[in-house]
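Coordinate inspection notes
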Amino acid sequence: MGSELLFLLACTRSAPVPTPSEPAESAAHIPVATGHATTVASEGLEADLAKAQAFYASRPEYEQPLGTGLTPVPGLPDLSADTCGACHTEIYDEWKVSTHAAAWTDPQLQAEMQKSENRWLCRNCHTPLLVAHEQWAVGLEDDDVERPLLVDNPSFDASLRDEGITCAACHVREGTIVGPGLATPDAPSAAPHAVQADPDFTSEKVCTRCHQATATYPGKSFVCTFNTGEEWKAGPYDEEGTNCISCHMPPEDRPAANGGLERTVARHWWRGAGIAKHAGVHPPDEANPPGLELEAEWADVGGVPKLTLTATNANAGHMLPTGDPERWVQLEVVFLDAGGETVGTWDFRIGQTWEWHPLPKKLDDNRLAPRATRTFQIDVPVTAASAKVTASSHRMSPETVAYHDLGDYPISVVTHGLFVTPR
Ligand code: HEC
Ligand code: HEC
Ligand code: HEC
Ligand code: HEC
Ligand code: HEC
């Protein structure tokens, strides 16, 4: 593979490996990332902040940071998750193993960010408070996202950055803690810090701010494409009153803070597919079931033995899989003879297919819409006596792992295993 390919990436991921029909030489016509960042002189914190905020305000909503984190919250020494965790210990323990907590330390994100000067963009979703950015963007040269004008942030807080999508990213807005509003007439809030109830806090808007973004950048070989919000709206769950929070933050009767009154308090796991970002660290299975329901039956179809596989998106409120365009669900069958030897195999990939060069383009999409079912009638080899059927969720291909030099980064989980024999 030519080293020219190292200039390719996708905002959200990348699979820039040439297919056999596209030899590495074709890399010559790839519009390589020619961008460079320019650090401009500081005019003082106030002026720099004003410039940065004006710049971000001119950009689409999903490119904007989520607040500054610069104003102290009365009652709290600082905004770190560790501080919140001293009182909100259960919530903290859930968040700590979530993908949100790993959104900055994610080795794949780190690898991708080395490959383009578009990384100012990544920060706005992956570590979204301005105080967590080493530098602020104050403009772009020629409107090119890979040629940002940056200014050093004197208030930069590295530990808050490393917490990724930390408590404060969702809950802190200039000088106060926003939440769903726990107080009732009988049980007023016992919070030792400023609190403001926001009726929108249980709406999908808290999530789609980052999970709904579809952007292409003219001439660039990366895209930002997360369509989860629209997929959910198009399916049955929106009308049924089931949103992102209902499924990904299910309620549990417990105190919201150590030693407090029992309330209805959301889990903070956001499991999704449950593929770890750091080996062994992921929310427990109970957080949410796999999206897929899989059934297999060995039956006679007009005198011919067939293995019938039924794959249903039974539990995901959006496409299965959703999010990053490189995710897929793999179905596999291994037929065994009476002696346990493999006598045939079958597999099927459920996901999107993208071409990344010369410019990103979606070629195919066979994902399962919410509650949609797909049935497969698979030929059974004559000597087969049983079949092992598995399903697994994948985040990226081994080729992309190698391209980013990610070593033994976890990339998949097995979700289903069935053993089928003739009836
Ligand atoms: C609009 C907000 C947004 C921006 C901007 C953004 N991301 Fe993401 N990113 C997300 C969301 C949401 C997910 C979760 C989707 C998923 O895991 O499938 C994600 C997931 C990822 C993942 C993990 C993918 C996986 O399959 O686990 C990587 C790596 C990543 N982003 C890299 C980047 C890089 C590099 C940039 C900057 C060039 C960037 N992102 C900019 C919102 C964003
Ligand atoms: C010294 C203990 C303490 C610390 C530190 C603390 N909290 Fe709280 N917080 C509480 C208590 C107590 C409540 C009220 C619980 C109740 O009334 O049931 C609360 C309430 C909340 C609520 C609910 C607000 C509402 O009514 O909607 C949120 C959200 C919250 N805290 C977030 C945070 C975050 C984020 C941090 C860290 C930046 C933090 N807290 C730090 C003790 C603390
Ligand atoms: C500030 C941006 C942001 C907000 C707000 C946000 N997310 Fe995320 N979310 C992300 C990013 C970025 C990732 C992936 C991080 C990575 O893989 O590096 C992610 C990952 C996830 C995952 C896990 C995917 C996996 O398989 O591990 C789920 C589930 C999820 N988010 C659900 C939600 C829900 C529900 C909400 C609303 C309550 C929400 N998110 C709010 C940015 C955000
Ligand atoms: C991705 C956004 C996000 C992050 C990160 C996040 N929360 Fe929340 N939090 C929410 C949402 C949404 C709710 C409201 C859920 C509901 O009431 O259905 C909530 C509710 C709460 C509540 C009130 C109890 C409840 O469930 O209504 C507390 C307290 C709280 N969060 C503390 C924290 C702490 C502490 C952290 C970090 C360890 C944290 N949150 C991280 C989105 C977030
Ligand atoms: C009906 C319940 C339900 C609703 C509603 C729902 N989700 Fe999910 N979501 C799931 C399940 C189940 C999975 C696990 C899918 C799997 O097995 O990979 C999932 C997976 C994910 C993932 C990880 C990518 C993947 O395909 O595994 C992200 C990110 C996500 N959801 C975000 C959201 C956001 C954002 C919303 C709201 C717009 C939302 N979800 C609404 C149930 C739901």
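Residues numbered from 1 in each chain as written. Chains lettered and ligands numbered in written order. Predicted model: local features only at pLDDT ≥ 70, side-chain atom pairs only at ≥ 80, totals over all residues.

Attention shifts here to the sheet that holds strand β3 (residues 148-152). Overall, mixed pairing links the 3 strands, which are arranged β1-β3-β2 in an open sheet. Taken across any chain shown, the strands that pair with only one partner, and hence form the sheet edges, are β1 (38-39) and β2 (135-140). Here β1 runs beside β3; their pairing, made up of 2 bridges, is parallel. Bridge pairing links T39 to L150 in β3. Each of β2 and β3 is contacted by helix α1 (residues 45-57), which is oriented at about 55° to β2, the strand it contacts most. (Pairing = 2+ DSSP bridges. Helix = DSSP H or I, 4+ residues; strand = E, 2+ residues; numbered from the N terminus. Contact = placed C-beta atoms within 7 Å. Axes fitted to C-alpha atoms, helices over the stretch in contact; angles between N-to-C directions.)

Counting through the fold element by element, A50 comes out in helix α1. Assessed through the 13 C-beta atoms surrounding it within 10 Å, A50 is described here as partly exposed. Expressed as a C-alpha distance, the spacing of A50 and D347, which sit 297 residues apart in the sequence, is 55 Å. (Buried ≥ 20, exposed ≤ 12 C-beta atoms within 10 Å, placed from the backbone.)

Let us now look at the site of ligand 5. Neighbouring ligand 5 are 31 residues; C244, C247, G272, G291 and G317 lie closest to it. Among the secondary structure elements, those contributing two or more residues to the shell around ligand 5 are α8 (205-211), α9 (228-234) and α10 (244-248). At 4 residues, α10 tops the list of elements feeding residues into the shell around ligand 5. Among the residues making up the shell around ligand 5, the classes are represented as 12 nonpolar, 17 polar and 2 charged. For the shell around ligand 5, the two domains that each supply at least three residues are domain 1 (33-203 + 243-266) and domain 2 (285-420). (Near = placed C-beta within 6 Å. Nonpolar A, V, L, I, M, F, W, Y, C, P; charged D, E, K, R; others polar. Domains from an automatic or database assignment.)

Quick look at the site of ligand 4 now. Taken together, the neighbourhood of ligand 4 is formed by 25 residues, with C84, H88, C167, C170 and A266 sitting nearest. Counting residues per element, the shell around ligand 4 draws most heavily on helix α7 (residues 167-171), at 4 residues.

Here we have 3 strands laid out as an open sheet, ordered β11-β12-β16, and antiparallel in their pairing. Strands at the two margins of the open sheet, each flanked by one partner only, are β11 (292-301) and β16 (373-379). With strand direction ignored, the average angle separating the axes of adjacent strands in the sheet is 20°. Judged from the 7 bridges that link them, strand β12 (residues 304-313) and β16 form a sheet pairing that is antiparallel. Residue pairing for β16: L307 is matched across the bridge by I378.

Right, let's get into the confidence of the model for the protein chain. In this model, the protein chain carries a mean pLDDT of 90, and residues with pLDDT of at least 70 account for 92%. Counting interchain partners and residues more than four positions distant, the pLDDT-below-50 stretch residues 1-32 has 67 contacts. (pLDDT = per-residue confidence, 0-100.)

Right, let's talk about helix α3 (residues 89-96) for a bit. Within the span of α3, buried status applies to I91, E94 and W95. End-on view of α3: buried residues confined to an arc of 95°, all on one side of the axis. Where the residues of α3 are buried, they touch α2 (81-85) and α7. (Arc of directions from axis to C-beta.)

Nonpolar side chains in soluble globular proteins tend to end up buried together. Core analysis: the biggest nonpolar cluster contains 31 residues, and L129, W136, C167 and A168 have the highest contact counts within it. Listing elements by their share of this core, those giving two or more residues are α2, α3, α5 (119-126), β2 and α7. Ignoring anything within four residues of it in the chain, the contact list for A168 reads G69, L79 and L129. Within the second largest apolar cluster, 20 residues are counted, among which are L292, L320, W328 and V389. (Core = buried A, V, L, I, M, F, W, Y, C linked by C-beta atoms within 7 Å.)

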